[in-house]
Amino acid sequence: MDKKQILLINDMAGYGKVATAAMLPILSYFGLPTYNLPTALVSNTLDYGKFNILDTTEYIKGVFPVWKQLGFRFDAIATGFIVSEQQADIVANYCKEQHKGGTTIFVDPIMGDEGKLYNGVTPNTINSMKEMLTVADLCYPNFTEACYLTDTGYHAGGVDKAEARRLIDGLRKIGSKSVLITSIPVDGQPSVVGYNALDDKYFRLCYNEIPVHFPGTGDIFSAILIGHLLNGEKLREATRKAMDGVYTLIDLNKDNEDKNRGIPLEQYLYVLRP
């Protein structure tokens, strides 16, 4: 059986295992032919405090017509960091076009964390991400991003079960078919909550936090999740495996001296056996 081909539309960091640089090795390890289209070239992870970034919108404008002429198609597309509203429009239109032919669209609306937007993220960016959600078969914002997308107040202490469901339904209303919300405290317990459109079921999965910060863990979660989904697993089971994979990788690297560069994935891929 042919393996499903996936296109990553995300930024590419030169130094650090985040975004495309984190997702490519994992999806390749899962045996999936993986292609990439950078939304921006970034010198290094933003955690270092200084960085250089190149917006690749003009490049993307030239890529899609060439791919169309060559007849390239993908079984799945995963979108991440989007630089501008203009870029969001171009990418969303491409995803819509591909979706008509049966392509599954995964959207990670990367905008912020811990109640705050990342540097350079504006209200326009939020509109761009809402546009991306209209074409999503599955979106998986973190708690902060879910609040911004649904115009809901963020409370560091988290939510109760009813509020978690309201957030999920708010994201479905924007247009995403299935939904996950990561890093959300529900009744005081760190959780991932979800809704699977295929069986019309809500679910909640709890986890324990390791008190260290690595950039790129959301991208690692995304890649493991997609790897299991494209290999035929159900959403709830794939989500649990992604959560466990991230936990194991953080645990194995929690004493690393320079955490800003992310987790050195290549030497630990064996713990993610598909």
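Up top is the structure.
Everything quoted here is computed from the prediction, not taken from an experiment. (Residues numbered from 1 in each chain as written. Predicted model: local features only at pLDDT ≥ 70, side-chain atom pairs only at ≥ 80, totals over all residues. Heavy atoms only, no water.)

Peer 1: Looking at this structure, I do not really get the packing of helix α3 (residues 85-100) against helix α4 (residues 123-133). What am I missing?
Peer 2: How two helices pack is summed up by the angle between their axes together with the distance between the axes. Where α3 contacts α4, the two axes come as close as 9 Å, and the packing angle between them is 0°. In terms of orientation, α3 lies roughly parallel with respect to α4. Residues Glu85, Ala88, Asp89, Val91, Ala92, Cys95 and Lys96 of α3 pack against Asn124, Asn127, Ser128, Glu131 and Met132 of α4. (Axes fitted to C-alpha atoms, helices over the stretch in contact; angles between N-to-C directions. Helix = DSSP H or I, 4+ residues; strand = E, 2+ residues; numbered from the N terminus. Parallel < 35°, antiparallel > 145°, perpendicular 65-115°, else oblique. Contact = heavy atoms within 4.5 Å.)

Peer 1: Is there a simple way to think about the pattern of salt bridges in this case?
Peer 2: Side chains that differ in sign of charge can pair as their charged atoms come close. Considering all chains together, one arrives at eleven salt bridges under this definition. When the shortest N-O distance is used, the salt bridge between Glu266 and Lys17 registers 2.8 Å. A residue pair is termed long-range when its members are at least 10 positions apart, and Glu266 in the segment after α8 (235-253) and Lys17 in the loop between β1 (6-15) and α1 (19-29) qualify at 249 residues. Of the charged contacts, one joins Asp251 and Lys254 as a salt bridge, the two residues approaching to 2.7 Å between their closest N and O atoms. Relative accessible area serves as the criterion here: at 34%, Asp251 is assigned to the partly exposed category. (Salt bridge = Lys/Arg side-chain N within 4 Å of Asp/Glu carboxyl O. Buried < 20%, exposed > 50% of the residue type's maximum accessible area, 1.4 Å probe, protein only.)

Peer 1: Could you clarify how one ought to interpret the sheet that holds strand β8 (residues 138-139) in this entry?
Peer 2: The strands that make up a sheet are held in pairs by hydrogen bonds between backbone atoms, and each pair lies either parallel or antiparallel. If you walk across this open sheet you meet the nine strands as β3-β2-β1-β4-β5-β8-β9-β10-β11, and the pairing is mixed. Looking at the sheet topology across the chains shown, the edges are occupied by β3 (53-55) and β11 (201-206). By the bridge criterion, eight bridges tie β1 to strand β2 (residues 34-44) in an arrangement that is parallel. Residue pairing across strands places Ile9 opposite Leu37, the latter belonging to β2. Where helix α6 (residues 161-174) meets the sheet, it contacts β8, β9 (178-186), β10 (189-196) and β11, and its direction lies at approximately 150° from that of β9. (Pairing = 2+ DSSP bridges.)

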